[in-house]
Amino acid sequence: MKLTIVLLACVVGIATLGSTQNVTAVDKSFLEKQKFLYEIVYRVEDPLMFEEWIKLGNQLIVDKSFYNHYDIHMEKFWESYKEKALLPKGEFFGNLVKSHYMQAWGLFNFFYYAKDWDVFQRNVCWARMHVNEGMFVHALTLAIIHRDDFVGLMLPYIYEIFPQHFFDSRFVYAAEKFDYNIWSKYAMYEKQYLDVYYKDNNKGNYVHMKDWKMWQWWKLMGLDRQWYMEENYMLRENIYEHCQDAQWLSMMKDIKMLWMPVDYTRDIEYANEESALSYFTEDAGWNAFWYYFSMDYPFFLDGETFNLQNDRRGEFWVYGIQKLLARYYMERLSHGLGEIPHISRKQNVKNGYNPRLVSYNGIGYSYRKDYYHFYDSGNFDMIDRIREFFGRIESVVDMGYYKMKNGTMVDLRQPNAAELIGNILQGNVDVMDKYFFNYWYLYSHMYLAGVDYNDVEVLPHAFLNMETVMRDPLIYGIHKRIVDVFYRFKNSLGPYKKEELLFPGVHITDVKVSELVTYFDIFDFDVTNLINGKIRIVDGEFVWDKTLLARQMRLNHKPINFEITVESDKPQKVYVRVYLGPKYNELGQVIALNENRMNFFSFDKFSYELTAGTNVIKRNPADYLFTSPDALTYTEMYNYIKLAHEGKYEFNLSMSHPHCSFPNRLMLPRGWEQGMPMQLFFMITLDDDDHDQFDYTFSCGLGSGRRWLDHKPFAYPFDREIDEYDFYVPNMYFKDVMIYHQDNLKMYRQLNYTNFGNFDYNYFDDYYTKGVSN
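Residues numbered from 1 in each chain as written. Predicted model: local features only at pLDDT ≥ 70, side-chain atom pairs only at ≥ 80, totals over all residues. Heavy atoms only, no water.

**Examining the layout of surface pockets**
Okay, step 1: Of the volumes computed, that of the second largest pocket is approximately 660 Å³.
Okay, step 2: Residue lining of the second largest pocket: 39 residues in total, with Ile144, Ile145, Leu153, His659 and Phe698 positioned closest to the centre.
Okay, step 3: Looking at the lining of the second largest pocket, the elements that each hand over two or more residues are helix 7 (133-146), helix 16 (303-306) and helix 25 (634-645).
Okay, step 4: Of all the elements, helix 7 adds the most residues to the lining of the second largest pocket, at four residues. (1 Å grid on protein atoms, 1.4 Å probe; cavity = no way out; pocket = protein on both sides within 12 Å on 5 of 7 lines; lining within 4 Å. Points joined across faces, edges and corners; volume = space filled by probe spheres on them. Helix = DSSP H or I, 4+ residues; strand = E, 2+ residues; numbered from the N terminus.)

**Topic: the sheet that holds strand 9 (residues 546-557)**
Okay, step 1: Spatially, the eight strands line up as an open sheet ordered 1-2-9-6-17-16-11-12, and their pairing is mixed. Edge positions in the open sheet fall to strand 1 (228-229) and strand 12 (601-610), since each of these has one partner strand only.
Okay, step 2: Sheet topology places strand 1 next to strand 2 (residues 256-261); two bridges connect them, and they run antiparallel. Bridge assignment links tyrosine 228 to a residue of strand 2, and that residue is tryptophan 259. (Pairing = 2+ DSSP bridges.)

**Section: the pairing of strand 12**
Okay, step 1: Among the 10 residues that make up strand 12, seven are buried, leaving the element largely enclosed by the rest of the structure.
Okay, step 2: Note that strand 11 (residues 572-582) and strand 12 share nine bridges and pair antiparallel. Its bridge partner lying in strand 12, lysine 573 is registered against glutamate 609. (Buried < 20%, exposed > 50% of the residue type's maximum accessible area, 1.4 Å probe, protein only.)

**Here's the deal with a negative patch on the surface**
Okay, step 1: A surface patch of like charges, here negative, comprises Asp381, Glu388, Asp452 and Asp455.
Okay, step 2: Here aspartate 452 lies in the loop between helix 21 (440-448) and helix 22 (474-491). (Patch = residues over 30% accessible without salt bridge, like charges linked within 9 Å, V, L, I, M, F, W, Y side chains within 5 Å. Areas by Shrake-Rupley, 256 points an atom, 1.4 Å probe, with all protein chains shown as cover. Salt bridge = Lys/Arg side-chain N within 4 Å of Asp/Glu carboxyl O. Lys, Arg positive; Asp, Glu negative; His and termini not counted. Charge placed at Lys NZ, Arg CZ, Asp CG, Glu CD.)

**Digging into the sheet that holds strand 10 (residues 562-568)**
Okay, step 1: Strand order in the open sheet formed by three strands is 5-10-13, and the pairing between neighbours is antiparallel. Strands at the two margins of the open sheet, each flanked by one partner only, are strand 5 (506-513) and strand 13 (613-619). Within this sheet the neighbouring strands show an average axis-to-axis angle of 20°, counted without direction.
Okay, step 2: Bridge analysis of strand 10 against strand 13 gives seven bridges, and the strand direction is antiparallel. For glutamate 567, the partnering residue across the bridge sits in strand 13 and is threonine 614. (Axes fitted to C-alpha atoms, helices over the stretch in contact; angles between N-to-C directions.)

**As for helix 22**
Okay, step 1: The terminal C-alpha atoms of helix 22 lie 26 Å apart, and with 18 residues this matches the ideal 26 Å at 1.5 Å per residue to within 8%.
Okay, step 2: By the criterion of burial, helix 22 is predominantly enclosed, with 14 of the 18 residues buried. (Expected span 1.5 Å × (residues − 1).)

**Section: a nonpolar patch on the surface**
Okay, step 1: A surface patch of nonpolar side chains, about 290 Å² in accessible area, is lined by Met399, Tyr401 and Met409.
Okay, step 2: Its location among the elements puts methionine 409 in strand 4 (residues 409-411).

**Some remarks on the environment of tyrosine 180**
Okay, step 1: Topologically, tyrosine 180 is positioned in helix 10 (residues 180-194).
Okay, step 2: In the structure, tyrosine 180 is positioned 353 residues away from glycine 533 in sequence and 9.6 Å away in space, judged by C-alpha atoms.
Okay, step 3: Ignoring sequence-local partners within four residues, the contact set of tyrosine 180 consists of Met229, Lys256, Leu258 and Lys546. (Contact = heavy atoms within 4.5 Å.)

**Thoughts on the nonpolar core**
Okay, step 1: Within the largest apolar cluster, 252 residues are counted, with the highest numbers of intra-cluster contacts made by Phe120 and Leu140.
Okay, step 2: Counting residues per element, this core draws most heavily on helix 17 (residues 313-334), which supplies 12 residues.
Okay, step 3: Residues in contact with phenylalanine 120, not counting those within four places in the same chain, are Leu37, Phe111, Ala114, Leu140, Ala143, Ile144, Arg147 and Phe150.
Okay, step 4: Counting residues in each nonpolar core, the second largest holds 13 residues, with Tyr579, Leu593, Phe681 and Met732 among its members. (Core = buried A, V, L, I, M, F, W, Y, C linked by side-chain atoms within 4.5 Å.)

**As for the side chain of asparagine 109**
Okay, step 1: Within the secondary structure layout, asparagine 109 lies in helix 5 (residues 98-112).
Okay, step 2: The class of asparagine 109 is buried, set by a relative accessible area of 1%.
Okay, step 3: Dropping the residues within four chain positions of it, asparagine 109 is found in contact with Asp71, His73, Met74 and Ala114.

**Quick look at helix 15 (residues 284-296)**
Because an α-helix packs 3.6 residues into every turn, residues spaced three or four apart end up facing the same way.
Okay, step 1: Look at helix 15: 18 Å from first C-alpha to last across 13 residues, which is about the 18 Å you get at 1.5 Å a residue.
Okay, step 2: For helix 15, the buried fraction is high: 13 of the 13 residues fall into the buried class.

**Quick word on the packing of aromatic side chains**
Okay, step 1: Overall, the coordinates contain 90 aromatic pairs when judged by the stated rule.
Okay, step 2: Aromatic side chains phenylalanine 289 and phenylalanine 293 sit 6.3 Å apart centroid to centroid with 25° between the ring planes, which places their arrangement in the stacked category. With phenylalanine 289 and phenylalanine 293 both in helix 15 and four residues apart, this pair spans about one turn of that helix. For the pair formed by phenylalanine 289 and phenylalanine 293, the shared burial category is buried.
Okay, step 3: Three or more aromatic residues joined by ring pairs form one cluster here, namely Tyr157, Tyr159, Phe166, Phe167, Phe171, Phe178, Trp227, Tyr291, Tyr292, Phe523 and Phe525. (Phe/Tyr/Trp six-rings, centres within 6.5 Å; stacked < 30°, edge-to-face > 60°.)

The following block contains the structure:
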């Protein structure tokens, strides 16, 4: 029955969704490594249960001859372990706690500098059994990302390794106490009672839905927040790309899939307007993007050793923040909230935040009260350090130079000084003066979480981990302050001259854009790592026969297609930039372009070969280089890898997506039912760079210097002040657009749903095959 249902659903979807991108097959050695990585983080907070890996992890290899480099951090880590001074297993780990990351640095070096896979693997097995769970995952993730010989290898997404950091505590507790045998005996018995107040709903009886929010879709379908088993398929927008494969069907047929509805945080006790955005700020993909962005450019890795200077890591870090702020601001506008509030140490922060998370050690996360004041923690020394940092960097930017200890004067009135300013703002190890500028960003997170300089055992807090900090609205005000300082530097460079913007012989004459429509779909997150109990081993092989799924509503949009008509006087290679930005503020007033320039969100960037005459450049979601669709789940990937390892499937790297990609479903703000006015900006410049391309389908090109294709400043041409008399040139084009929001739950609110008490898979299929494709 299950195979029939899934196959029918897949056949319906074949005509509507395309196939994957490039195909890069891998050998058996790669598959063995990949299988190991997926098993070593399985239920990472539980004892290691794979005998093969237990045998390999009997000791940490400390002989220096087995490493390409052996440094003080490795020595300190080993000494701390012997003296039992490491953060204990079971304690909360914060990658933004100084004492924690210093210990993790040593462990990372044991992974990163291992001469070969054998040394690396043995160290990983040892650490899995002896090191704090969060520290282990942090160091392992960094090593997988930064080792050149590991390109293509991957771990499950961070929200699959630690679902506790992404889903509310009520759900996590329900998952961790889940016992399939007990559940299967009582599930139907319990449902008889839970369905009582849903009876005769199709006749118009009232359904009580106290504090109902848009994302509580399960109430409209007559469901409750409990575990359900479905003889059906996982929900994601590109499921049809995989489930039409007979091998996928065969692979998944014996896996029991259980799901539970999951809510977002909603502060119903207080009048908190920020709660309206919780579907966005708590989106797993949004938070995972910041986590991996931060792991690509951690402040303690130096640019020379890890080639990060090739990517202009300081400037790019600020640009990444600006991009996320622009996207967040547009989402605020869709709710009429207006500008991101400025943060001041002299004023209270009106709206508090309760993350309602629980750490893997069972301790709940701290909350930030309403009308929070920055001096509430009482750590005046740390807050004064942070305040003095901002005063110092603003003074340096205003003066336009910096005098080093040896008397060298550093000119900060040059465009290439953007990298120096960016390093200062991040406080990374490449900063030009470590005495004055190091660690400030780290300290700001620790201060807001109530953690002192050298604290080791700390309580969970959203500000102490990169994968949780973007949940708290306060972080956007702090990041805005950082970007404001950076643009203060940019303003000192003056506007671009017309000749710096003009591309002679190239003229954008027209742009056509498909209708921009957003909606809320339902997605299944793989949270199998929360399962308790024994794992199933048959003939020495791990059998993955159950998967737990968190079914959550999330923002999405229909595919976006462009057609850009360009006149060129000769054949030439060009670079195309596309930005999305607001046009009006929350009061309906037009935002002046110079004031609006920080609010443009980078939408797409690509190279193109123009011919002489008229060119029509077509662009669709499959072409976007820096975004990705939904990825395969932990369960699917592991079973694909296992099949390929057994020679029953050809595994290729494009089955997954690079960790650094932005979720393409979040490219548009929610919009309005009647249409939210926005604007798209297109610009074409000369592409005179000889690109040494890498495969975007599975690699991030980290440290290559080729991630962004050309050498112009990030956010160009909006990175400098705009003089509108000189700004508009023929190779630019502004396009007014409307973003419409489609309410795909309207039929449920009108009580037209006749299958009350069951999830509506038919409607889900209809919406994807009829709604999204049209």
